[in-house]
Structures are given as structure tokens and as C-alpha cells.
Amino acid sequence: MSTGRVQFSSKLGVIAATVGSAVGLGNIWRFPYEAGTHGGGAFLLCYILFVFLIGVPTICAEFTMGRASRVGIPGAFRQGHKSRKWDVVGYFGILAAILILGFYAVVAGWTFEYIIESVLNAFKETTPEVRHEHFESFISGWRAVGWTILFLLVNALVLLGGVQKGIERVSNILMPLLFIILIAFCINSFFMPGFDQGITFLFHPDFSKLTPDVILSALGQAFFSLSLGMGCLITYSSYFSDRTPLVKTAFQIAFLDTLVAILAGVIIFPAVFSFGMSPAEGPTLVFEVLPGIFNLMPGGMVWSTLFFILLSVASLTSLISVSEIVVAFLSDEFKLSRIKATMLLTAFTVVTSTLCSLSFGPLRSLNLFNIFDYVSSNILMTLGGIGVCIFVGWKMRKCDSLEELHNKAGIPIWLYNTIMFIIKYLAPICITIVFIAGLI
Ligand code: TRP
């Protein structure tokens, strides 16, 4: 199908933008604390299994929908049939995007504060209690709201640039930068006294730790990290050219995304063990424990600054991708210009994220931050994932998926059949089990 829709201009642009979406707070902030609280190696093993067994085929399903229809959601759910029944799955995705934007922007805003504090060397000679109190008082106040709004404005600037000059160009610059910083950290990690202990914790699976809870968290983490289940990759693939090999790109994203998560583990756990701290610290691991560790290292201020730059870069490219779902929706469905769509979304998100941010302070009783996180990650994304698989596996005409996955990209037919088998049966069943178990 040939439409006038803009496309990413190069192969590098496709990879940088999609990997930029996948690699984010999910890898560097969420993965280490999830692995840390769920027993390390056993969690990692499940996670990798889910990424490649279910994640990659589901990415292929989203790509198929996006490129075949060349629209975002919910439009992509209307192809090949007349009814609008499937729109509702698309609207779930839009809602999930709005909720994710609300809390993601808050944590992204924190990274700005921590860059500045690192530069000012504010963590020097602080005790864990002081850092804890500092973190708590910072996130509960209006300063955090200010940083969040600033982050949203930067996000809006990139969106205003459009798909090629905004998203693609920024990703092309920021993603290589992110990998360079990561590698510098890994080399540093190698020389830490706790290197062996950290590596053993991360890579040595202790199967006694393999509980249903660990398995559920691993699947949830895989979906969140791969940006699955809410139409993000549908939207991005609507900008792919006909030459983009969908299956190969899906593998590349999964590989690079997992690599970054593992590298984040290789960076954080040796440091945690070197300084006698606990890996099971939870969501504050990155913001409270790491500054303390940097503090004890030679050149700590530089490392600390670099680390929080890394985190903000990763968050920005992900936040852009979630925003693009809504921007594409507003321009596809309501024919709004890109400028209007971006401004509308940004104004709305400023309100929701302010409410989320204040739920660590004056609005504690409302606790929107946790509600947004829970509803989007645990309910909407899983339902969306099931919806995408059922749509591509059962509703879409076979000739369309054959065209997108087999003919255009040229993967062998056995691989096409395997992927379709997973999309039709294995993925929806597994996701459903996880969803139900998660609710219980
Ligand atoms: N994958 C990103 C991360 O790991 C977060 C993200 C971006 C996302 N786009 C998404 C999550 C779409 C779910 C759906 O931080």
C-alpha cells in the first residue's frame, strides 16, 4: 500500500528510533531492581526466555499491523474488515499511553535533578539516611514538578521536529552516545572488588528462587521493556519503508534491549556488592544507592553525572515514542496538525504528570502515580498484547501477514509459520495465564 505517510529515512534511523523506544527507564532503573528483588539469575533466565519466545513474535505482530495499514492505533485495527469493533483495543492503547506518560515523565524529570546534583557534588560525604531523606523530600515537592514539566517541554520540541527531523535525528545522536557511556561504565565495573559477586548474583540462576511471582514479573518486565502491548511499535512501523526487514528488526531490538538491561545489571550489582549494600533495595536502588556508591569511587562526580545523563537520554527517547502514539492518533483520526497535536498532548500531560508527581507529597492519599503504573503495565498492556496477537493471528487476512513478514522481508516460510503459530496460540495463552495470575 503506498500512501503519502512520512517514513524513516534510513536503516540506522529505524533501529535507533525503535531501540530508543525500547531502551529506557525500564532497562536501567526497573530491570536492576526487579532482578535484585526477584533473586537475580533465575529472574534473568525467565526474562530472556520471554523476550525471545513471546516478545519477538509479538513485536512482529505489531510491525505487521503498522506497516500493512500505515496508520497508528486504532486505525490499524480496522484493516481488512468493515466493522469498528476492534477500535476498542486501539483505544485501550491510547489510554495506556496517556497513563504511562503521566508517571514516566515524573521519573524522567528526577534524572535532571540528579544530573545537576551530581555536577554540584551534592552527594559527597552523605550517609544513606541523609540520601534517603533528601530523595523523599525532593520527590514530594514542587521542584520535582518543575523538572517534569521541563522534561515534557524538551520532549515536545523533538516531537515538533517531526518523524525524520525530530525523532529520527535525535535518536541517531543519542543512542550511540548511550552505548558509549554504557561501555565506559562496564569497563569501570570490571575493576571493582565486588565484580565476581555481582556477576554471580546476576548470571548464576538459583532455581529455588523460581516462584510464580518471579515468572510473572519477568513477563511483565519483558513487555514493558520491549514497549509492547499498547501500539507503540504499531505507530513506529507505520513509518517503516517497504524495504525494512520486519523480523530481522524485531530480533535486533530484542537483542539490543536485552543487552542494555544486562549491561545495566553488570554495572550496578558489582558496585552494590563492592560497597556492602543490598541488591534488593527496590525502586530507590538507582536514586539512593548509586549516588552513595559513586561517592566512594575515585572520580565519583564524573561517573555520577555521566550515569544520570545516560538515564535521561534513555528516558527521553522512550517518552518520545509513547507520545508519538497519541500524536499520530490525533493527526490520523482528527486531522490535527502536528503542532496542534503536540501542544494538546503536552498541555494535558503537564496536568496528569503534575498530579502523579504530587502523589509523593500533598496528594499522597490519591496516589495516582502507582495507579497509573499499575493500570497501564498490568492491565492495559497485557490486554493490548493479547488483542494484537489475536488480531494478527485470527482476524487479519493471511495474505497480508504473509506479504509483510515473508514476501517483503524474505524470511523462510518455516520461520513465518513458527512465528504465526506463536502469535496465534502460544503468546495469547501465555499472556492470558500471566494476566489472570497477576490479578489474583
Ligand atoms: N520500553 C520503555 C522502557 O523500557 C518504556 C516504553 C516506551 C514503553 N514505549 C513504551 C512501555 C510503550 C510500554 C509501551 O523504559
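This text goes with the structure placed above it.
On a predicted model such as this, the values are computed, not experimentally measured, just so you know.

Criteria and cut-off values
Residues numbered from 1 in each chain as written. Predicted model: local features only at pLDDT ≥ 70, side-chain atom pairs only at ≥ 80, totals over all residues. Heavy atoms only, no water. Phe/Tyr/Trp six-rings, centres within 6.5 Å; stacked < 30°, edge-to-face > 60°. Helix = DSSP H or I, 4+ residues; strand = E, 2+ residues; numbered from the N terminus. Buried < 20%, exposed > 50% of the residue type's maximum accessible area, 1.4 Å probe, protein only. Lys NZ or Arg CZ within 6 Å of the ring centre and 35° of its normal. Near = heavy atom within 4 Å. Polar contact = N/O pair within 3.5 Å; in protein donor to acceptor, adjacent residues only side chain to side chain. Areas by Shrake-Rupley, 256 points an atom, 1.4 Å probe, with all protein chains shown as cover. Nonpolar A, V, L, I, M, F, W, Y, C, P; charged D, E, K, R; others polar. Core = buried A, V, L, I, M, F, W, Y, C linked by side-chain atoms within 4.5 Å. Contact = heavy atoms within 4.5 Å. Patch = residues over 30% accessible without salt bridge, like charges linked within 9 Å, V, L, I, M, F, W, Y side chains within 5 Å. Salt bridge = Lys/Arg side-chain N within 4 Å of Asp/Glu carboxyl O. Disulfide = S-S within 2.5 Å. Axes fitted to C-alpha atoms, helices over the stretch in contact; angles between N-to-C directions. Parallel < 35°, antiparallel > 145°, perpendicular 65-115°, else oblique. Left-handed = near helix turned anticlockwise from the far one by under 90°. Lys, Arg positive; Asp, Glu negative; His and termini not counted.

It is worth spelling out the packing of aromatic side chains at this point. What the rule picks out here adds up to 41 aromatic pairs. Here Phe-103 and Phe-369 contribute two aromatic rings whose centre-to-centre distance is 5.7 Å and whose plane-to-plane angle is 65 degrees, an arrangement assigned as edge-to-face. Linking Phe-103 in helix 4 (residues 87-119) with Phe-369 in helix 15 (residues 368-395), this pair joins segments that are 266 residues apart in sequence. With relative accessibility at 3%, the residue Phe-103 sits in the buried group. Take Phe-369: its relative accessible area is 6%, and that puts it in the buried class. A cation over an aromatic ring shows up here: Arg-30 above the ring of Phe-224, its NZ or CZ 5.1 Å from the ring centre. Across from the ring centre of Trp-394, 4.9 Å away, lies the NZ or CZ of Lys-424, which sits over that ring.

Let's shift gears to the site of the ligand. The environment of the ligand is made up of 17 residues, and the closest members are Ala-22, Gly-26, Tyr-104, Phe-224 and Met-230. Here an oxygen atom of the ligand and a side-chain polar atom of Tyr-104 are 2.6 Å apart. One of the backbone N or O atoms of Phe-224 is found 2.8 Å from a nitrogen atom in the ligand. Notes on the ligand: free accessible area 360 Å², of which the protein chains cover 100%. Listing elements by their share of the shell around the ligand, those giving two or more residues are helix 1 (11-22), helix 2 (25-37), helix 4, helix 9 (212-225) and helix 13 (300-334). Among the residues making up the shell around the ligand, the classes are represented as nine nonpolar, eight polar and no charged.

What follows covers the nonpolar core. With 153 residues, the main nonpolar core has Phe-287 and Phe-307 as its most contacted residues. At 18 residues, the largest contribution of residues to this core is made by helix 11 (residues 246-274). Every residue in contact with Phe-307, bar those within four places of it in the chain, is listed here: Ile-28, Phe-185, Val-286, Leu-290 and Phe-294.

Mapped onto the elements of the fold, Leu-157 is located in helix 6 (residues 142-160). Taking the C-alpha atoms as reference, Leu-157 lies 8.9 Å from Thr-342; in sequence the two are 185 residues apart.

The next point concerns a nonpolar patch on the surface. Where nonpolar side chains cluster on the molecular surface, the patch consists of Ile-390, Trp-394, Phe-421, Tyr-425, Ile-429 and Ile-433 and spans about 620 Å² of accessible area. Of all the elements in the fold, those that place two or more residues in the nonpolar patch are helix 15 and helix 17 (413-439). Per element, the largest residue contribution to the nonpolar patch is four residues, and it comes from helix 17. Secondary-structure assignment places Ile-429 in helix 17.

Enumeration according to the criterion identifies zero disulfides in this entry. Note on Cys-232: no disulfide assigned, nearest cysteine sulfur contributed by Cys-60 at a separation of 16 Å. Overall, Cys-232 belongs to the buried group, its relative accessible area being 2%. Cys-399 carries a free sulfur, and the closest cysteine sulfur to it, the one in Cys-60, is 18 Å from it. Among the residues examined, Cys-399 registers a relative accessible area of 47% and is labelled partly exposed.

Attention now goes to the environment of Ser-225. Here Ser-225 lies in helix 9. Taking the relative accessible area as the measure of exposure, Ser-225 reaches 0% and is therefore buried. Those residues in contact with Ser-225 that sit more than four places away from it in its chain are Ala-22, Asn-27, Tyr-47 and Asp-257.

Now for the packing of helix 13 against helix 14 (residues 338-358). Axis separation between helix 13 and helix 14 bottoms out at 9 Å; the angle between their running directions is 130 degrees. Between helix 13 and helix 14, the angle is such that the two are oblique. Handedness of the crossing formed by helix 13 with helix 14: right-handed. Between helix 13, through Ser-323, Glu-324, Val-326, Val-327 and Leu-330, and helix 14, the contact on the second element is made entirely by Arg-338, Ala-341, Thr-342, Leu-344 and Leu-345.

Next up on the list: the side chain of Glu-62. Note that Glu-62 resides in helix 3 (residues 41-69). One buried charged residue, Glu-62, forms no salt bridge at all, with the nearest opposite charge on Arg-5 at 13 Å.

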